[in-house]
Every structure is written in structure tokens, then in C-alpha cells.
Amino acid sequence: ADPRALIWVHRVICGAAFNDPVPPMGAISGGREVWGFPKHNKLANIRAGYDGNFTSFHAEHMGKPVISMRAKLPEHTPGVVTVPQEFETAKDQCLTPRWSVKQTRYGQGFKATMHISPWDPKTDSFEVNREAGEYGEMLSRWNFQPAVKVHSTDFKIVAFKPSGWLEKSTCEQDA
């Protein structure tokens, strides 16, 4: 990765898998308090699934639809390219927005086998609901149109300690 490029987390909504709100609320608290991620404190209703050669995703936040997607899996699309990825960013290459309560710089690691193919409007759909409050409204302003689609069944990501993290031993020395 080019060290001059930065990765920016814009906004995040979290949903409860298997109707268990504890893990996503932990992710919201940790993301906001440790990394400064702009995560909304209200859980979203997120549904994702597979139907034969297709995958779908639908998110609602605070009772309003935000984003929907249905796409033919790249693995079942002519022209698919499979690319194994494994890399780490620099320790301060990722950042949270300046307008967030807490701007933080940190590093991430990624590992995945990515299947990539062109987006096909004949088989694939992507919709952002403009009336969905802060999430849908902001995304819809960009008039985003997908050009490619990527699918991975083994995607792994880790966020490392924020830059400037004080270790316990450092804190004890200052006391």
C-alpha cells in the first residue's frame, strides 16, 4: 500500500446477529471510545444472505431503510478475477473523521481471498434511501454507482492499538 494514502472510516451502523445485542453494543462502545469510530449508538436491523448464485444485504436504521444490495456472486460471473490479499497498513495509516468527537490514527491488518468482477446492472442492484436520515442522505449525495463487486468467504480484519497508545508500564513510570 502507498504510505501516502490514508484509510478513513466515515460512518458505521451495527446490528445484532441472532438477536443478541451484547456483542454489537460492545463493538459500538469500543469503537467509539478507543478508536473514535463514528458508530451510531442505536442498533440497526441488518439482514444479509445467500440465494443460490446471489447475495443480498439490507439495512434499516431507526425504522428507516438505509441501503439495499442484491448481486450475482462474482464467482458465478464471467470474467471473475481471484486475488489473495494479506497486508498491514502503517501503524497510523487509518484515521477517523476530524468532525468526530475523537480523531484517532491507527493501523489495520487484512487477509482475504477476493473474487472480483464487473458490476452488472442486469443482474445486480444497489439502492441508497435518501430519506434515511444522516446515513442514507449523505451516501445518496455522492450518486455512487458500483463499478465492480467483490466477495470473500474468508475475510479477516484487525484494528491495532491507536497511535500514541500508552502501555501500562509507561503510565506507571510517570506516576
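Residues numbered from 1 in each chain as written. Predicted model: local features only at pLDDT ≥ 70, side-chain atom pairs only at ≥ 80, totals over all residues. Heavy atoms only, no water.

K.L.:
When you look at the overall build of the chain in this model, what are you seeing that I'm missing?
P.N.:
The number of helices and strands found in the chain is three helices and eleven strands. Taken from the N to the C terminus, the helices and strands of the chain come in the order β-α-β-β-β-β-β-β-β-β-α-β-β-α. When each of the 175 residues of the chain is scored for burial, the buried share is 30%. Of the contacts formed within the chain by residues at least 6 apart in sequence, a portion of 64% connects residues at least 24 apart. Accessible surface computed for the chain: about 11,500 Å², of which carbon and sulfur atoms make up 57%. (Helix = DSSP H or I, 4+ residues; strand = E, 2+ residues; numbered from the N terminus. Buried < 20%, exposed > 50% of the residue type's maximum accessible area, 1.4 Å probe, protein only. Contact = heavy atoms within 4.5 Å. Areas by Shrake-Rupley, 256 points an atom, 1.4 Å probe, with all protein chains shown as cover.)

K.L.:
How should the packing of aromatic side chains be read in this particular structure?
P.N.:
The description of an aromatic ring pair uses the distance of the two centres, along with the angle that the planes make with each other. Taken as a whole and judged by the stated rule, the model has two aromatic pairs. Where phenylalanine 126 meets phenylalanine 144, the ring centres are 5.4 Å apart and the plane angle is 75°; that geometry is what we call edge-to-face. Here phenylalanine 126 is found in strand β9 (residues 125-128), whereas its partner phenylalanine 144 is found in the loop between α2 (133-141) and β10 (148-151), with 18 residues between them in sequence. The exposure class assigned to phenylalanine 126 is partly exposed, which follows from its relative accessible area of 29%. The ring of phenylalanine 54 carries arginine 70 above its face, with NZ or CZ at 4.1 Å from the centroid. (Phe/Tyr/Trp six-rings, centres within 6.5 Å; stacked < 30°, edge-to-face > 60°. Lys NZ or Arg CZ within 6 Å of the ring centre and 35° of its normal.)

K.L.:
Mind showing me how you'd approach unusual backbone geometry here?
P.N.:
Glycine aside, a negative phi is what most residues show, and trans is what most peptide bonds show. At methionine 62, a residue that is not glycine, the phi angle is positive and equals roughly 55°. Relative to the assigned elements, methionine 62 resides in the loop between β3 (54-61) and β4 (64-72).

K.L.:
Sorry, what's going on with the pairing of strand β8 (residues 108-118) here?
P.N.:
Every other side chain in a regular strand lies on the same face of the sheet, so the side chains alternate between the two faces. Here strand β5 (residues 81-88) runs beside β8; their pairing, made up of eight bridges, is antiparallel. Looking at β8, one finds that proline 84 is bridged to threonine 113. Summarising the sheet, β8 and strand β11 (residues 156-159) pair through four bridges and their orientation is antiparallel. Looking across to β11, one finds that glycine 109 is bridged to valine 158. Pairing geometry for β8 and β10, over four bridges, is antiparallel. Among the inter-strand pairings, isoleucine 116 is bridged to a residue of β10, identified as valine 150. (Pairing = 2+ DSSP bridges.)

K.L.:
I would appreciate a short explanation of the nonpolar core in the present structure.
P.N.:
The nonpolar side chains of soluble globular proteins are, as a tendency, buried together. Grouped together as the largest cluster of nonpolar side chains are five residues: Ile13, Ala44, Ala59, Val66 and Ile67. Every residue in contact with alanine 44, bar those within four places of it in the chain, is listed here: Ile13, Cys14, Gly15, Ala16, Glu60 and His61. (Core = buried A, V, L, I, M, F, W, Y, C linked by side-chain atoms within 4.5 Å.)

K.L.:
Help me out: how do you make sense of the pattern of salt bridges in this one?
P.N.:
A side chain of one charge can pair with a side chain of the opposite charge if their charged atoms are brought near each other. Considering all chains together, one arrives at three salt bridges under this definition. Its salt-bridge partner being glutamate 86, residue lysine 111 comes within 4.0 Å of it at the nearest N-O pair. Taken together, the residues lysine 111 in strand β8 and glutamate 86 in strand β5 connect sequence positions 25 residues apart. For glutamate 86, a relative accessible area of 61% translates into the label exposed. Among the salt bridges present, the one from lysine 149 reaches aspartate 124, with a minimum N-O distance of 2.7 Å. (Salt bridge = Lys/Arg side-chain N within 4 Å of Asp/Glu carboxyl O.)

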